[in-house]
Amino acid sequence: MGRTFQLFFVHLLAIVSAARVNTTTSQLACSALSAGSLKSLVTTSGPQFEAGATHAWNLLNSQLVPACVVFPQTTAQVATAMAAIYKTGAQYAVQTAGGHSAMEGWDNVQGGVLIHLMNMRNISYHKASGCVTFQPGLTWGQALDFLEPYGVAVAGGRVNDVGSGLLLGGGISYLANAVGYSADTMREVDVVLVTGKVVTATANNSYSDLFRALKGGANRFGIYDNSSSAAVLTAMAHFAKNVNDPKAAFLLYQFNSFANGVITPIIVLNAFYHGSSLPNSSFGEFMAIPSLSTNLTAMSYYDISYLLGDPGAPISLVEQFGASVLEGSDDVTPYLEIFSQYSTLCDQFKTELGGTTLSFTIVMDSQIEAGRARGGNIIDAPRGGFYMIQFSMSLPQGPTNLSPALAAARQIFFQKAPRTTGLPLYIAESDKSQQVFQTYGGYQEMKATYAKYDPTRFNVEHTDGPSGL
Ligand SMILES: Cc1cc2nc3c(=O)[nH]c(=O)nc-3n(C[C@H](O)[C@H](O)[C@H](O)COP(=O)(O)OP(=O)(O)OC[C@H]3O[C@@H](n4cnc5c(N)ncnc54)[C@H](O)[C@@H]3O)c2cc1C
């Protein structure tokens, strides 16, 4: 608090990317790349290859073995790599320094070509325009480290080791209710199309449709104890319906840890208020609930970004996400129901699970309005105040596959968990099986934009990612 924020615009290099794998085409692509101008950037084995191939946060992705890994440093090099992939018809995947995709196969590819963006780390701040220009190989924490001396910040993720791929899903920062989705703060994006052609998309140039589709198009376009849970859920349902304060943001989650069949639950509220005092009207109902521990303190945006996430933590767990969405309401029944279903699932598989989280992120009218004022995005969520709900689960160290029973029970949970129709699911928090694009207000527009920029459907046929296009 007490820090002045400026507007944050992002100039991101996003390649319009891309699981059937044809090893011949992949070998052809890797051979062509190894023999060409990128040869010093292509690896098929050794420490650098391992660093890229096993970099993904999710063990489901870091255990996939690509045929080769390309480490471009410039847009032109990304374009060269993409052109070779297109020409040979190879399967491919794109990964950033974050590598935080929870979806198996979306940021690595067994036997295909992995374009790893981890060496694209240039960043600059232009004081006059208030713009930050950066390549996609930086995590949000690294971007904030660079920007902190200038007293400005980018609206990245709430966890500092997440990467720039967040923008392609929309992106939720602690400033979302004031500035919109993180993607809504983008001003200009350099895009490498599947053919290798490079275009720059803005809200007002001839690629404005692409610019809009990138904001949600993913890789296709380029605390309290358990007895207090009802009170917390009630406060939440009321908050979404009644509070529209762009200075307020929170991430509330119930975390279960599992050991020897015993579940240890905890509810954590990370509430953030961008101001010099905390009005009772925003978090009053939450603050009235007795808690085991409260830490109320003034912090900068930079400091808060280091509350969650540990860049040095091991990143080799099997993780799976799934999403729902609920409108704000005086009726807390659906909130209690989703919590009940989540608790039942956790109890049923308490000897198999390592950890689970049910988290709620508020999307206020102010966030939707801020995004629309900047030209909007393809998610095109309605006004009204709602929660993006994320269910994540991890296995303990060791197993790399869910039991068939747990895999099936997750799918039943996604089908039966309460969900408000007409509200968009958040792609970065969903399960692969969930039809996220179809929930977007701009779904038909997105399909038309996709057909225009990838008429041969190379992306959907050659890289794993969301369905629906
Ligand atoms: C621990 C954790 C905390 C999180 N916290 C937040 C949060 O606070 N707010 C939030 O909004 N989300 C959050 N997320 C979700 C996060 O936004 C998504 O997982 C996001 O996709 C991660 O981006 P990345 O760059 O780290 O990962 P990657 O896996 O490298 O990329 C994600 C996807 O985008 C594609 N992609 C990335 N860059 C490009 C590019 N330049 N061109 C083409 N395709 C590309 C990749 O191929 C992949 O499919 C969190 C996830 C985790 C695991």
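Treat the numbers as computed from the prediction; the structure is a model and nothing was measured.

Reading the values: the criteria
- Residues numbered from 1 in each chain as written.
- Predicted model: local features only at pLDDT ≥ 70, side-chain atom pairs only at ≥ 80, totals over all residues.
- Heavy atoms only, no water.
- Disulfide = S-S within 2.5 Å.
- Helix = DSSP H or I, 4+ residues; strand = E, 2+ residues; numbered from the N terminus.
- Buried < 20%, exposed > 50% of the residue type's maximum accessible area, 1.4 Å probe, protein only.
- Expected span 1.5 Å × (residues − 1).
- Arc of directions from axis to C-beta.
- Contact = heavy atoms within 4.5 Å.
- Pairing = 2+ DSSP bridges.
- Axes fitted to C-alpha atoms, helices over the stretch in contact; angles between N-to-C directions.
- Domains from an automatic or database assignment.
- Buried area = accessible area lost by both parts, 1.4 Å probe.
- Salt bridge = Lys/Arg side-chain N within 4 Å of Asp/Glu carboxyl O.
- Phe/Tyr/Trp six-rings, centres within 6.5 Å; stacked < 30°, edge-to-face > 60°.
- Core = buried A, V, L, I, M, F, W, Y, C linked by side-chain atoms within 4.5 Å.

Regarding the state of the cysteines
And step 1. Following the criterion strictly, the structure yields one disulfide and no others.
And step 2. Linked covalently through their sulfurs, Cys 30 and Cys 68 form a disulfide whose S-S length is 2.1 Å. Negative torsions about the S-S bond denote left-handed disulfides, and the value of about -85 degrees found for Cys 30 with Cys 68 makes this one left-handed. Of the two residues, Cys 30 sits in helix H1 (residues 23-35) while Cys 68 sits in strand S3 (residues 68-70), which places them 38 residues apart along the sequence.
And step 3. Overall, the relative accessible area of 3% leaves Cys 30 in the buried class.

Observations concerning helix H14 (residues 404-416)
And step 1. Across its 13 residues, H14 extends 18 Å between first and last C-alpha, which sits within 8% of the 18 Å expected from 1.5 Å per residue.
And step 2. Listed as buried for H14 are Leu 406, Ala 409, Arg 410, Phe 413 and Phe 414. One side of H14 carries all its buried residues, which in axial view fall inside an arc of 140 degrees. Exposed residues on H14 whose side chains face more than 90 degrees from its buried face are Pro 404, Gln 415 and Lys 416.
And step 3. On the buried face of H14, the contacting elements are strand S12 (319-327), helix H12 (333-348) and strand S14 (386-394).

Remarks on the sheet that holds strand S4 (residues 92-95)
And step 1. Taken in spatial order, the four strands line up as S2-S3-S5-S4 in an open sheet, and their pairing is mixed. Because the sheet does not close on itself, it has two edges, and the strands there are strand S2 (42-43) and S4.
And step 2. Taken together, the four bridges between S4 and strand S5 (residues 113-116) define a ladder with parallel strand orientation. Across the sheet, the residue bridging to Tyr 92 is Val 113, located in S5.
And step 3. Relative to S3, helix H2 (residues 46-53) is tilted by about 80 degrees, and along the sheet it contacts S2, S3, S4 and S5.
And step 4. Where helix H4 (residues 75-88) meets the sheet, it contacts S3, S4 and S5, and its direction lies at approximately 165 degrees from that of S5.

Comments concerning the domain arrangement of the protein chain
And step 1. As far as domains go, the protein chain holds domain 1 (14-116), domain 2 (121-222) and domain 3 (226-439).
And step 2. For domain 2 versus domain 3, the distance between C-alpha centres works out to 23 Å.
And step 3. If you look at the interface, domain 2 gives 35 residues, while domain 3 gives 38 residues.
And step 4. Between domain 2 and domain 3 the total buried area reaches about 3200 Å² when both faces are included, carbon and sulfur atoms providing 56% of it.

Structural notes on the pattern of salt bridges
And step 1. Tallied over the entire structure, the rule returns eight salt bridges.
And step 2. Its salt-bridge partner being Asp 365, residue Arg 383 comes within 3.4 Å of it at the nearest N-O pair. Within this pair, whereas Arg 383 is found in the loop between helix H13 (365-373) and S14, its partner Asp 365 is found in helix H13, the two being separated by 18 residues in sequence.

Some thoughts on the packing of aromatic side chains
The relation between two aromatic rings is expressed through the spacing of the ring centres and the mutual angle of the planes.
And step 1. Scanning the entire structure with this criterion turns up 20 aromatic pairs.
And step 2. Here the aromatic rings of Phe 250 and Phe 283 are separated by 6.3 Å at their centres, their planes lie at 70 degrees, and the arrangement is edge-to-face. Here Phe 250 is found in strand S10 (residues 248-259), whereas its partner Phe 283 is found in helix H10 (residues 280-287), with 33 residues between them in sequence. For the pair shown, Phe 250 and Phe 283 are each scored as buried.
And step 3. For the pair Tyr 342 and Phe 391, a centre-to-centre distance of 5.7 Å together with 80 degrees between the ring planes defines the contact as edge-to-face. Within this pair, whereas Tyr 342 is found in helix H12, its partner Phe 391 is found in strand S14, the two being separated by 49 residues in sequence.
And step 4. For Tyr 342, a relative accessible area of 0% puts it in the buried group.
And step 5. Through successive ring pairs, a cluster of aromatic residues spans Phe 250, Phe 283, Phe 286, Tyr 335, Phe 360 and Tyr 387.

Side note on the nonpolar core
And step 1. In this structure, Phe 239, Phe 250, Phe 286, Phe 360 and Tyr 387 are the most contacted members of the largest nonpolar core, which totals 46 residues.
And step 2. Per element, the largest residue contribution to this core is seven residues, and it comes from helix H9 (residues 229-242).
And step 3. With residues near it in sequence (within four places) discarded, Tyr 387 still touches Met 236, Ala 237, Phe 239, Ala 240, Phe 250, Ser 324, Val 325, Leu 326, Tyr 335, Phe 360, Thr 361 and Ile 362.
And step 4. In terms of nonpolar packing, the next biggest core, distinct from the first, is built from 40 residues, Ile 123, Phe 134, Ala 143 and Leu 210 among them.

Some details on H2
And step 1. Every buried residue belonging to H2 is among Phe 49, Gly 52 and Ala 53, and all of these are buried. Along the axis of H2, the buried residues cluster in a sector spanning 95 degrees; they form a single face.
And step 2. Considering only its buried residues, H2 is in contact with S2, helix H3 (59-62), S3, S4 and S5.

Overview of the sheet that holds S14
And step 1. An order of S11-S10-S13-S14-S12 is seen for the five strands of this open sheet, with the pairing classed as antiparallel. On the outer flanks of this sheet lie strand S11 (262-273) and S12, each paired with one strand and no other. Taking each pair of neighbouring strands and ignoring which way they run, the sheet shows an average axis angle of 15 degrees.
And step 2. Summarising the sheet, strand S13 (residues 355-363) and S14 pair through nine bridges and their orientation is antiparallel.

With respect to the environment of Ser 281
And step 1. Relative to the helices and strands, Ser 281 is located in helix H10.
And step 2. The sequence separation of Ser 281 and Leu 406 amounts to 125 residues, and the corresponding C-alpha distance is 41 Å.

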